[in-house]
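What follows is each chain in one-letter form.
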Amino acid sequence: HEQARELLRSKIRSIPDFPSPGILFRDITPALADAEAFTAAVELHLHHIADLDGQLDAIVGMEARGFLFGPILAHRLNLAFVPARKPGKLPAETIAEDYALEYAKNTLQIHADALRPGARVLIVDDLLATGGTAAATTRLIERLGATVAAQLFMIELVALGGRAAQGDHRVEAVLQF
Ligand code: PRP
Ligand code: HPA
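Residues numbered from 1 in each chain as written. Chains lettered and ligands numbered in written order. Predicted model: local features only at pLDDT ≥ 70, side-chain atom pairs only at ≥ 80, totals over all residues. Heavy atoms only, no water.

(A) Structural detail: the nonpolar core. Of all hydrophobic cores here, the largest spans 28 residues; its most connected members are L8, L73, L122, M154 and I155. Breaking this core down by element, the ones donating at least two residues are α3 (35–48), α4 (66–77), β7 (120–128), β8 (147–156) and β9 (171–176). With residues up to four places along the chain from it excluded, the contact list for M154 reads L8, I12, I28, A31, A41, H45, F69, D125, D126, A173, V174 and L175. In terms of nonpolar packing, the next biggest core, distinct from the first, is built from 23 residues, A58, A119, I141 and V148 among them. (Core = buried A, V, L, I, M, F, W, Y, C linked by side-chain atoms within 4.5 Å. Buried < 20%, exposed > 50% of the residue type's maximum accessible area, 1.4 Å probe, protein only. Helix = DSSP H or I, 4+ residues; strand = E, 2+ residues; numbered from the N terminus. Contact = heavy atoms within 4.5 Å.)

See the structure below:
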């Protein structure tokens, strides 16, 4: 796994001052564009939550980049996939949570009937920064009566403290920067 991790790490590109001055943006698109690195990423994600096999009902992925790995992992694990989306995108009844980002402010919504009470959920997103997005997603899931078994990210930006923002929830990251 260490070789796979190093391959994946080598395909993360760092772009200074995007999307605004002072932000060092970790760009995962080179990792997606390299078939070997993409496969390594999927296998490493699965490795991090291997102990949860048989203990999950659904994956919730956040728009937009939670839609990259979330559905792949749901398919591999034979789980439901539920999208959490930016406002105004989901057509049926929704619930919403506001959150602050490293460089913006936003809202996420989820369909009110998307998870049954007691469902055991894995949250999947590409990157954990301040943790606002993941915390808002956790609130949405828990408001529906479901539980968050773990949160899984390809990248954790350690200096931004997103892990601490998740309280007691389990956080797994394939790579740390
Ligand atoms: C990025 C990233 C995470 C979030 C992490 O998404 O994909 O969802 O920010 O930041 P946080 O831990 O500080 O909340 P973004 O909101 O930029 O939206 P996008 O996926 O549509 O690009
Ligand atoms: N890189 C990529 N996505 C992000 C970042 C970052 O530094 N911060 C918040 N989302």
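(B) Seen up close, the packing of aromatic side chains. Counted by the stated rule, this structure contains 3 aromatic pairs. When the ring of F38 is compared with that of F69, the centres are 5.6 Å apart and the planes differ by 85°; the resulting orientation is edge-to-face. In this pair, F38 sits in helix α3 while F69 sits in helix α4, placing the two residues 31 residues apart along the sequence. Residue class for F38 comes out partly exposed when judged on its relative accessible area of 25%. Accessibility expressed as a relative area gives 1% for F69, which makes it buried. (Phe/Tyr/Trp six-rings, centres within 6.5 Å; stacked < 30°, edge-to-face > 60°.)

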